[in-house]
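Given next are the chains, with one letter for each unit.
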Amino acid sequence: MNATYKQVTKNRAVQTVSDLARQIFVQHYTKLTPRVAAALAEAWQNEDLTDEEIHCGAVNYFLVYLGSEPVGYFALDLRPAGALCISRLFLLEKARGRGIGRGIVAYAQKLAEGDGRSRLYLKVWAKDLKAEGFCKRCRFRAAGTEAVEVLPGVTLDLTTWEKLWR
């Protein structure tokens with residue numbers, strides 16, 4: 001079954017993104033406690049923040065579906081000059097390993113190329129070896145790591161991965 005994407009524009013879809021974030025962050029950030037992962041989801045992917053990003057006009061969110069079931073989401077940040085940033089890319093554990101992420105990267109690259117952009121990038125947690133492998137399989141290259149305080153007293157090292165085609 002192929003994944004489909006639907007752009008998030010309505011409050012119900014924003015709620016779905018937040019609900020998925022709470023589930024996915026606990027599944028994804030396994031080196032954090034479930035409580036810290038849930039707090040991270042609330043701080044970085046709550047309904048108000050998501051709605052604000054959508055309505056600023058520079059970030060487009062998409063829900064990812066397998067059939068009629070939402071299994072993840074991604075966001076494309078249009079603000080970087082000459083680049084497109086995949087600012088979010090999260091899938092439920094049961095949806096991983098099916099080529100959905102690679103499809104999202106290909107979709108983002110087509111949009112970037114069509115808009116005259118020559119760079120695609122994303123940031124992932126430096127300790128996430130699965131995400132690192134995904135980036136390598138998608139032909140991104142590591143462009144640097146920085147420490148980011150994601151919650152008061154909680155700092156994560158984030159690696160920027162980029163893909164250039166011109």
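The shown structure was predicted, so the numbers you read here are calculated from the model rather than taken from an experiment.

Caption draft 1: Quick look at the packing of aromatic side chains. Tallying each qualifying case throughout the model produces 10 aromatic pairs. Aromatic side chains Tyr 5 and Phe 74 sit 5.2 Å apart centroid to centroid with 85 degrees between the ring planes, which places their arrangement in the edge-to-face category. A residue pair is termed long-range when its members are at least 10 positions apart, and Tyr 5 in strand E1 (residues 3-7) and Phe 74 in strand E3 (residues 69-77) qualify at 69 residues. Summarising the aromatic geometry, the rings of Tyr 29 and Trp 125 are spaced 5.2 Å apart at their centres and angled 50 degrees between planes, so their arrangement reads as tilted. Of the two residues, Tyr 29 is situated in the loop between helix H1 (11-28) and helix H2 (34-44) and Trp 125 in strand E5 (residues 119-125); the sequence distance between them amounts to 96 residues. The exposure class assigned to Tyr 29 is buried, which follows from its relative accessible area of 10%. Within the aromatic cluster, the residues linked to one another by ring pairs are Phe 25, Tyr 29, Tyr 73, Phe 90 and Trp 125. Positioned above the aromatic ring of Tyr 65 is the side chain of Lys 6, whose terminal nitrogen or guanidinium carbon lies 5.0 Å from the ring centre.

Caption draft 2: Representation of the layout of surface pockets within the structure. Empty space within the largest pocket amounts to approximately 1,300 Å³. What lines the largest pocket is a set of 45 residues, and nearest its centre among them are His 28, Leu 89, Phe 90, Val 124 and Ala 131. Among the elements that take part in the lining of the largest pocket, strand E4 (residues 83-91) stands out by supplying seven residues, more than any other. Classifying every residue of the lining of the largest pocket gives 24 nonpolar, seven polar and 14 charged. Every residue along the wall of the second largest pocket is listed here: Lys 6, Gln 7, Thr 9, Lys 10, Arg 12, Ala 13, Thr 16, Leu 63 and Tyr 65. Counting residues per element, the ones that place at least two in the lining of the second largest pocket are E1, H1 and strand E2 (59-66). The leading source of residues in the lining of the second largest pocket is H1, at three residues. Of the residues assigned to the lining of the second largest pocket, the class counts are three nonpolar, three polar and three charged.

Rules of the game
- Residues numbered from 1 in each chain as written.
- Predicted model: local features only at pLDDT ≥ 70, side-chain atom pairs only at ≥ 80, totals over all residues.
- Heavy atoms only, no water.
- Phe/Tyr/Trp six-rings, centres within 6.5 Å; stacked < 30°, edge-to-face > 60°.
- Helix = DSSP H or I, 4+ residues; strand = E, 2+ residues; numbered from the N terminus.
- Buried < 20%, exposed > 50% of the residue type's maximum accessible area, 1.4 Å probe, protein only.
- Lys NZ or Arg CZ within 6 Å of the ring centre and 35° of its normal.
- 1 Å grid on protein atoms, 1.4 Å probe; cavity = no way out; pocket = protein on both sides within 12 Å on 5 of 7 lines; lining within 4 Å.
- Points joined across faces, edges and corners; volume = space filled by probe spheres on them.
- Nonpolar A, V, L, I, M, F, W, Y, C, P; charged D, E, K, R; others polar.

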